[in-house]
Every structure is written in C-alpha cells, then in structure tokens.
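Fold and geometry: a report
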Amino acid sequence: MDLGLTGKVALVAAASQGLGKAVATELCREGADVIICARNADLLEATATELRALGGGRVVAVPADLTADDAAQTVVDAGLKAFGRIDILVTNTGGPPSGPFENHTIEAWDQAYKLLLRSAVTLIQAVVPGMKAQQAGRIITITSQAVKQPVNNLILSNSIRTSVVGLMKTLATELGPYNLTVNNVMP
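Conventions and cut-offs
Residues numbered from 1 in each chain as written. Predicted model: local features only at pLDDT ≥ 70, side-chain atom pairs only at ≥ 80, totals over all residues. Heavy atoms only, no water. Helix = DSSP H or I, 4+ residues; strand = E, 2+ residues; numbered from the N terminus. Rg over C-alpha atoms; globule rule 2.2 N^0.38 Å. Buried < 20%, exposed > 50% of the residue type's maximum accessible area, 1.4 Å probe, protein only. Areas by Shrake-Rupley, 256 points an atom, 1.4 Å probe, with all protein chains shown as cover. Lys, Arg positive; Asp, Glu negative; His and termini not counted. Charge placed at Lys NZ, Arg CZ, Asp CG, Glu CD. Axes fitted to C-alpha atoms, helices over the stretch in contact; angles between N-to-C directions. Parallel < 35°, antiparallel > 145°, perpendicular 65-115°, else oblique. Left-handed = near helix turned anticlockwise from the far one by under 90°. Contact = heavy atoms within 4.5 Å. Nonpolar A, V, L, I, M, F, W, Y, C, P; charged D, E, K, R; others polar. Polar contact = N/O pair within 3.5 Å; in protein donor to acceptor, adjacent residues only side chain to side chain. Disulfide = S-S within 2.5 Å. Pairing = 2+ DSSP bridges. Right-handed = clockwise from strand over helix to strand, strands pointing away.

Notes on the overall build of the chain
Counting its secondary structure elements, the chain contains five helices and six strands. Order of helices (α) and strands (β) in the chain, N terminus to C terminus: β-α-β-α-β-α-β-α-β-α-β. In terms of overall dimensions, the chain is globule-like: its C-alpha atoms have a radius of gyration of 16 Å, near the 16 Å expected for 187 residues. Burial analysis of the chain (187 residues in total) assigns 45% to the buried set. Total accessible area on the chain stands at roughly 9,300 Å², and carbon and sulfur atoms take up 53% of it. Averaging the coordinates of the 15 positive side-chain charges in the chain and doing the same for the 16 negative ones gives two points 6 Å apart.

As for the packing of helix α4 (residues 106–134) against helix α5 (residues 155–175)
Packing of α4 against α5 leaves a shortest axis separation of 9 Å and a crossing angle of 15 degrees. Here α4 is positioned roughly parallel relative to α5, judged by the angle of their axes. Remark: the crossing between α4 and α5 carries right-handed chirality. Residues A108, W109, A112, Y113, L116, L117, V121, I124, V128 and K132 of α4 form the contact with α5, whose participating residues are I155, L156, S157, S159, I160, R161, S163, V164, L167, M168, L171 and L175. Of the residues contributing to the contact of α4 with α5, the split by class is 17 nonpolar, three polar and two charged.

Notes on the side chain of T67
Mapped onto the elements, T67 comes out in the loop between β3 (59–63) and α3 (71–83). Since its relative accessible area comes to 12%, T67 is described here as buried. Engagement of the side chain of T67 in a polar contact is seen with the side chain of D65, the distance being 2.7 Å. The residues contacting T67, other than those within four sequence positions of it, are Q111, K114, L115 and R118.

Details of unusual backbone geometry
Of note, D70 is a non-glycine position whose phi angle comes to about 70 degrees, a positive value. For D70, the position within the fold is in the loop between β3 and α3. Note on D70: relative accessible area 62%, which makes it exposed. Despite not being glycine, N153 shows a phi value in the positive range, around 75 degrees. One can find N153 in the loop between β5 (137–142) and α5.

Quick look at the state of the cysteines
The bond known as a disulfide is covalent and runs between the sulfur atoms of two cysteines. Scanning the model with the defined rule gives zero disulfides in all. Residue C28 stays outside any disulfide, its sulfur separated by 15 Å from that of C37, the closest cysteine. When its relative accessible area of 1% is taken as the criterion, C37 is described as buried.

Overview of the pairing of strand β1 (residues 9–12)
Of the two faces of β1, the one holding V9 and L11 and the one holding A10 and V12 are both buried throughout. Pairing of β1 with strand β2 (residues 33–38) involves four bridges; the strand directions are parallel. By the bridge assignment, A10 is partnered in β2 with V34. Assessed by its sense of winding, the connection that carries the chain from β1 through helix α1 (residues 18–29) to β2 is right-handed. Two strands pair when backbone bridges link them, and β1 and strand β4 (residues 88–91) are joined in this way by three bridges, in the parallel orientation. Across the sheet, V12 pairs through a bridge with V90, a residue of β4.

Geometric descriptors of this kind do not, in isolation, establish any biological role.
Here it is as structure tokens:
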C-alpha cells in the first residue's frame, strides 16, 4: 500500500522495540525518512540497522532519555540537521510501574508524569514551530485503551495518559488552522 509517505520525515520516540519499532518499521517501508530515539543506545542502533536494511527511507538514531531536560530538543535538532524538517511526530513511551495507589511514592508520580506527559509536551513544543512554518504536519501520540476504561492496578498510567488525551484534543483545535493534524492512537 502506498500511503504517500515517500520523502516525508518522521520522528518516532521509544522506537527501539515494541510499538515504536513497529511504527518506525512501517514508516520506513513506506519510504519515509525516520528519526528514532530510545534510551538504550545499543538496542536503538540495532533497530536502526534493521530499518536501514529494509531499503526504504533513511534512518537516523538518536539515543535519548526523553524524561531528561533538553532531550527532546536534542533529538529534534539531530533530525533537523539530518533532514531539514520533520513532517510527522509519533510520541510513544513505555509504561510506568503497575500497582495500587498506596504503593506509589510522589517520586513515582513525578517520574510517570515525565515519562508519559512531559515527554510528549517537550517533543511537540520542539516540532510545532517548524510544522507551523511549513503549514503541514502530523502529530500522533500512542496512549492506551486505558484512557477510555481504566485498567486495574495501573493507576499511574490510567491517570497520566488521560492527560495526554486532553492535551491532544486541545492541540487539535489550536493547530488545525495551520494544517496540523493531531491524533491519539489507543492500543
């Protein structure tokens, strides 16, 4: 299937394995140039090698922990240096620890916020100026079906992923006039 992605540039977060890797793989197969990031540099480079072997779009791998200050901007800057623009952003992360409310410290809540919401916010902040300037772009967050029906024992994920949905619904209205499409994917 040709989705018209040849020549487009996509940034996919948490792309060394799981859903992020699957998204990056399909984008690459469709001819998009792909910037991938993840915390584990070795696993990320192995994924980049696999993607390059597909013969689709070009691949740049940027090791980064998106919960760290300035990490999102570093990843975006590397992508802009390599390809000159970013047309598609796919935010994605692993999940925070499971467990009931009373088992989580305030530090666990802070880390879950940084992982799930803050990482999406900082990536979006870094790509929106360029997308607005080119009057085109796609922003997709991978959340969870838990935003519709909370999953037992996943209070951190249930609470904060719902905030990501609120962010994206608001951005859809704010960024629509610039021809930016904003969506959530809820596996």
